[in-house]
Amino acid sequence: MTPIQALQKYFGYSAFRHQQEEIIHHILDKKDVLTLMPTGGGKSLCYQLPAVLLDGLTIVISPLIALMKDQVDALNVNGIPAAFINSSQSTQEQIDISTRLKNNQIKLLYLAPERLFGKDSKLIDFLKTLPVSLIAIDEAHCISHWGHDFRPEYLMLSGFKLEFPNVPVIALTATADKLTKKDILEKLNLRNPAVFVSSFNRENITYRVLPKQNSFSQLLAFLEDHKEDSGIIYCLSRKSTESLAADLKDAGFLAEPYHAGLDNGVKARTQEAFLRDEVRIIVATIAFGMGINKSNVRYVVHMDLPKNIEGYYQETGRAGRDGLPSDAMLLFSPGDAIKLKQFAMVEDNPEQSRIMLKKLDDMVNYCQLHACRRQYLLKYFDEDFPPNCGSCDFCLTEFKMFDATLIAQKALSAVARLKERFGSVYVIDFLRGSRSEKIRPEHKELKTYGIGAEISKPEWQRYFRELAAQGYLQVTDDMYPVVKLTPKSEGVLKGTEKVELVASQVIEEYQPATEVLPYEAPLLAELRNIRRDIAQHENVPPYIILSDAGLQEMATYLPQSLDELRLISGFGDIKLARYGREFLLPVKSYSEKNGLSSKMKHKVPKRERKAKTGSGNRASDTAQESFTLYRAGNTVTEIATQRGLSPTTIEGHLSFYIYKGEMDVFELVTPEKMPAIKDVVESYGAEKLSPIKEVLGDDFSYGEIKAVVAWMRKNGEIA
Ligand code: ADP
Ligand code: ZN
């Protein structure tokens, strides 16, 4: 059996994701591998599929008992014999498992590292008597002090490779930084390992940041779009998780708190109920999440500022593992930043403090960013991404610009008058004519003192950020940052250059991304119930029976036979045989009642993607996938529907290829429309697309504008 056949037969998927296929081939060739893939990227399959194809046993090291159980359930439901050994089991259960192991009846065995090398553990000697064909080390970053989740027991694994010198080892992690990576390779003693680094982009997650005002009503407004969905809400303190969960309960939500201070039994029950969709919302401190493999988490909210981008990205990454559109929302207040700053100072360790503060700064900059958030996040992880993702609040917002030349002149002349020696807080107080003692008496004499009194402080702060972003001002990166003029300032001060800023009223043209797939809602509800019943019967969480993505596909493409059902994501041979009919019947009767027929021919299997070895030159997988589908003859709308992304996103992807010269601009724009767009871009610049769109009007789409901008960039006509 080839890997792709096994993928269909055992897992019910039609194509590999990321670099899964390359990784699997390496393992089958008995080579050691390190895999870095984002959360939800599909790491498990990289060892589960070889485990099925290889004779003998695959040992999987995993740090968390909850996670093991989940994976073992999922494998068994797919007809792959798997088991785990941990301290929660009785002696009898453990004896049964060793008998099955001796009889070659188990393909995957999950273990925590302390089991393997604990005091007087005879396990390793027993395992050596078995035909071990592969060793997988999940969450491999736990071996590194540099990672955010160091576990001393992982250090014991350094001898593992030496015990099984001829067995290939695959180490997997979602943590990408260089130090951790180096540490993993060294400590695990891997032999000439191939390193696979996937794009860390999570294309199905939409990122938003809102200024925190009345956080509870902001949260309720957000939840309007997520009434039936599962979600995680992160708070900084244990106390606030409890009070927020109580408030949400009062508002009618199935919410529970979760933090490290709760009784273990309570924690386990809450987690289990969440997995089974009986609790919809977990309000948690960061103590929650690592062991959560639940694939249908539709949103992650941060009520408070996270400490760094790494943590934030990991936490938001828990949304949308099933690939369906999901939301990440963060409520930001500068006050939170000040609070966290105090925590970031590590006593007697200036170097550590400096690093922590820098990380916090990067987090704050993300929140105050006036550009594509996804691009910023990926750049943080050393990855290039085009500046228009089409699915963050910045890219989804149409900004109204206004002539802010006068405002800019006031700001710049204040900076000049204060001799470029003060930070923005002081300059703003000065502009607003603050009577505070802080303002030096001689400054109160200056003509510019108080010329900006009509503008509020937060607004001035925003204008200063934007002026800096547009290059009219510059902020030094000293301990006490100072605002300075730039070469661009002169034209503004002389009145020869106009400045445009974003008006404070922003209009979001956000449509919940979940509406992209036109599925039959009543049917979906019915299928959900069926899934719940089966799950209860099998005593596993519902998403183990089938992912939300699979349900949605059924409700969209209406398969009418078992052969058609086989093409729905998640239906491998075993699931098809066990549950196929149960799902098929309601689809058929729903179709009949409503005069609908199969739409399976619209479901194009995802194309496989080219993978690259090594860490250099990571082009974006997702743009590549859109481009491949486009080249295969699909329209932008078709690609958008298929991928569950918005057409704007797809057009953004394609523009990237225009920029790279692999696609002609006239594939997206007619020659008649071209001159008008070029004209407007030439006079307005291409930094923001919304003003261009406004001038051009409804006859021109964002996609067309993006395409022309990309083409002009390629030709060096604009920067
Ligand atoms: P990770 O461990 O990287 O966080 P998982 O291994 O849990 O991610 O995979 C996330 C989800 O994606 C799982 O539900 C898994 O079944 C699914 N998945 C993995 N590979 C594929 C694939 N090639 N096609 C479709 N779904 C996949
Ligand atoms: Zn964006």
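As the structure is a computational prediction, the values presented were derived from the model and not from experiment.

Re the domain arrangement of the chain
Assigned domains within the chain: domain 1 (3-197), domain 2 (205-396), domain 3 (399-507), domain 4 (521-599) and domain 5 (621-714). Just the C-alpha atoms count here: the centres of domain 1 and domain 3 sit 56 Å apart.

Regarding the coordination of the zinc ion (ligand 2)
Where a metal carries four tetrahedral donors, each ideal angle is 109.5 degrees; where it carries six octahedral donors, the ideal angles are 90 or 180 degrees. Coordination of the zinc ion (ligand 2) by the protein is provided by Cys-372 (SG), Cys-389 (SG), Cys-392 (SG) and Cys-395 (SG), with metal-donor distances spanning 2.3 to 2.4 Å. Each of the four donor atoms bound to the zinc ion (ligand 2) contributes to angles spanning 101 to 120 degrees, and the resulting shape is tetrahedral. Between the donor residues of the zinc ion (ligand 2), the gaps in sequence give the motif C-x16-C-x2-C-x2-C. On the criterion of sequence distance, the pair formed by Cys-372 in the loop between helix H15 (350-367) and helix H16 (373-380) and Cys-389 in the loop between H16 and helix H17 (393-396) is long-range, its members being 17 residues apart. When sorted by exposure, Cys-372 lands in the same class as Cys-389, which is buried.

With respect to the site of ligand 1
Around ligand 1 sit 14 residues in total, of which Tyr-13, Ala-15, Gly-40, Lys-43 and Ser-44 are the nearest. Compared with its free state, where it exposes 570 Å², ligand 1 has 84% of that area covered by protein. Here the shell around ligand 1 is built from residues that sort into four nonpolar, seven polar and three charged.

Here we look at the nonpolar core
By size, the foremost hydrophobic cluster in this structure holds 106 residues, and its most contacted members are Ile-137, Phe-160, Tyr-366 and Phe-583. If near-sequence neighbours (up to four positions away) are discounted, Phe-160 is found in contact with Ile-59, Ile-61, Leu-116, Phe-117, Ile-124, Ile-135 and Ile-137.

Details of the sheet that holds strand S6 (residues 169-173)
As summarised here, the arrangement of the seven strands in space is S3-S4-S2-S5-S6-S1-S7, forming an open sheet in which the pairing is parallel. Each having just a single partner strand, strand S3 (82-85) and strand S7 (194-197) make up the two edges of the open sheet. Averaged over all neighbouring strand pairs, the angle between strand axes comes to 20 degrees, with direction disregarded. Where strand S2 (residues 57-61) lies against strand S5 (residues 132-137), five bridges are found, and the strand directions are parallel. Bridging across to S5, Ile-59 finds its partner in Ile-135. Here helix H4 (residues 65-77) sits on the sheet and contacts S3 and strand S4 (108-111); the angle it forms with S3, its principal contact strand, is near 160 degrees.

Some thoughts on the packing of aromatic side chains
Per the counting criterion, the structure on display carries 17 aromatic pairs. Here the aromatic rings of Trp-460 and Phe-464 are separated by 6.0 Å at their centres, their planes lie at 65 degrees, and the arrangement is edge-to-face. In this pair, Trp-460 and Phe-464 both sit in helix H21 (residues 457-469), four residues apart, roughly one turn of the helix. Neither residue differs from the other here; Trp-460 and Phe-464 are each classed as buried. An aromatic cluster is built from Phe-200, Tyr-207, Tyr-313, Tyr-380 and Phe-381, whose rings are joined through pairwise contacts. Above the face of the Phe-274 ring, Lys-294 is positioned so that its terminal group lies 5.0 Å from the ring centre. Above the plane of the ring of Phe-700 lies Lys-673, whose end atom (NZ or CZ) is 5.3 Å from the centre.

Observations concerning the environment of Ala-521
Among the structural elements, Ala-521 can be located in helix H23 (residues 521-538). Its relative accessible area of 46% is what places Ala-521 among the partly exposed residues.

A few points about the sheet that holds strand S10 (residues 255-258)
With parallel pairing, six strands are arranged side by side in an open sheet as S8-S13-S12-S9-S11-S10. In the strand order of this sheet, the two ends are held by strand S8 (205-211) and S10, each with one partner. Between one strand and the next, the sheet's axes are offset by a mean angle of 15 degrees, whatever the strand orientation. Sheet topology places S8 next to strand S13 (residues 326-332); seven bridges connect them, and they run parallel. Looking across to S13, one finds that Leu-210 is bridged to Leu-331. H15 rests against S8 and S13 of the sheet, and its axis sits at about 105 degrees to S13.

A short note on the pattern of salt bridges
Using the criterion set out here, one finds 34 salt bridges in the structure. In this structure, the salt-bridge partner of Asp-277 is Lys-294, at a minimum N-O distance of 2.5 Å. Of this pair, Asp-277 sits in the loop between helix H12 (264-275) and strand S11 (281-284) while Lys-294 is found in the loop between S11 and strand S12 (297-302), placing the two residues 17 residues apart along the sequence. Each member of the pair, Asp-277 as well as Lys-294, carries the same accessibility label: buried. The residue Glu-466 makes a salt bridge to Arg-462 at a minimum N-O spacing of 3.1 Å. Here the residue Glu-466 and the residue Arg-462 both occupy positions in helix H21, the gap between them amounting to four residues, near one helical turn. Assigned by exposure class, Glu-466 and Arg-462 land together as buried. The network of salt bridges with common partners includes Arg-298, Asp-322, Arg-528, Arg-531 and Asp-548.

So, helix H33 (residues 702-714)
Since one α-helical turn is 3.6 residues long, residues separated by three or four positions face the same way. Over its 13 residues, H33 runs 18 Å from end to end, which matches the ideal 18 Å to within 8%, given 1.5 Å per residue. For H33, a buried count of 11 out of 13 residues is recorded, marking the element as mostly surrounded by other parts of the structure. The complete set of buried residues in H33 reads Tyr-702, Gly-703, Glu-704, Ile-705, Lys-706, Ala-707, Val-708, Val-709, Ala-710, Trp-711 and Met-712.

Description of the side chain of His-226
As for its placement among the helices and strands, His-226 is situated in the loop between helix H10 (215-224) and strand S9 (230-234). Residue classification places His-226 among the buried residues on the basis of a relative accessible area of 7%. Of the polar contacts made by the side chain of His-226, one reaches the side chain of Asp-327; its length is 3.0 Å. Not counting the four nearest positions on each side in its chain, His-226 is found in contact with Arg-298, Tyr-299 and Asp-327.

Criteria and thresholds
- Residues numbered from 1 in each chain as written.
- Chains lettered and ligands numbered in written order.
- Predicted model: local features only at pLDDT ≥ 70, side-chain atom pairs only at ≥ 80, totals over all residues.
- Heavy atoms only, no water.
- Domains from an automatic or database assignment.
- Donors = N, O, S within 2.8 Å, 3.2 Å for Na, K, Ca; no water.
- Tetrahedral: all angles 85-135°; square planar, octahedral: opposite > 155°, others 65-115°.
- Helix = DSSP H or I, 4+ residues; strand = E, 2+ residues; numbered from the N terminus.
- Buried < 20%, exposed > 50% of the residue type's maximum accessible area, 1.4 Å probe, protein only.
- Near = heavy atom within 4 Å.
- Areas by Shrake-Rupley, 256 points an atom, 1.4 Å probe, with all protein chains shown as cover.
- Nonpolar A, V, L, I, M, F, W, Y, C, P; charged D, E, K, R; others polar.
- Core = buried A, V, L, I, M, F, W, Y, C linked by side-chain atoms within 4.5 Å.
- Contact = heavy atoms within 4.5 Å.
- Pairing = 2+ DSSP bridges.
- Axes fitted to C-alpha atoms, helices over the stretch in contact; angles between N-to-C directions.
- Phe/Tyr/Trp six-rings, centres within 6.5 Å; stacked < 30°, edge-to-face > 60°.
- Lys NZ or Arg CZ within 6 Å of the ring centre and 35° of its normal.
- Salt bridge = Lys/Arg side-chain N within 4 Å of Asp/Glu carboxyl O.
- Expected span 1.5 Å × (residues − 1).
- Polar contact = N/O pair within 3.5 Å; in protein donor to acceptor, adjacent residues only side chain to side chain.

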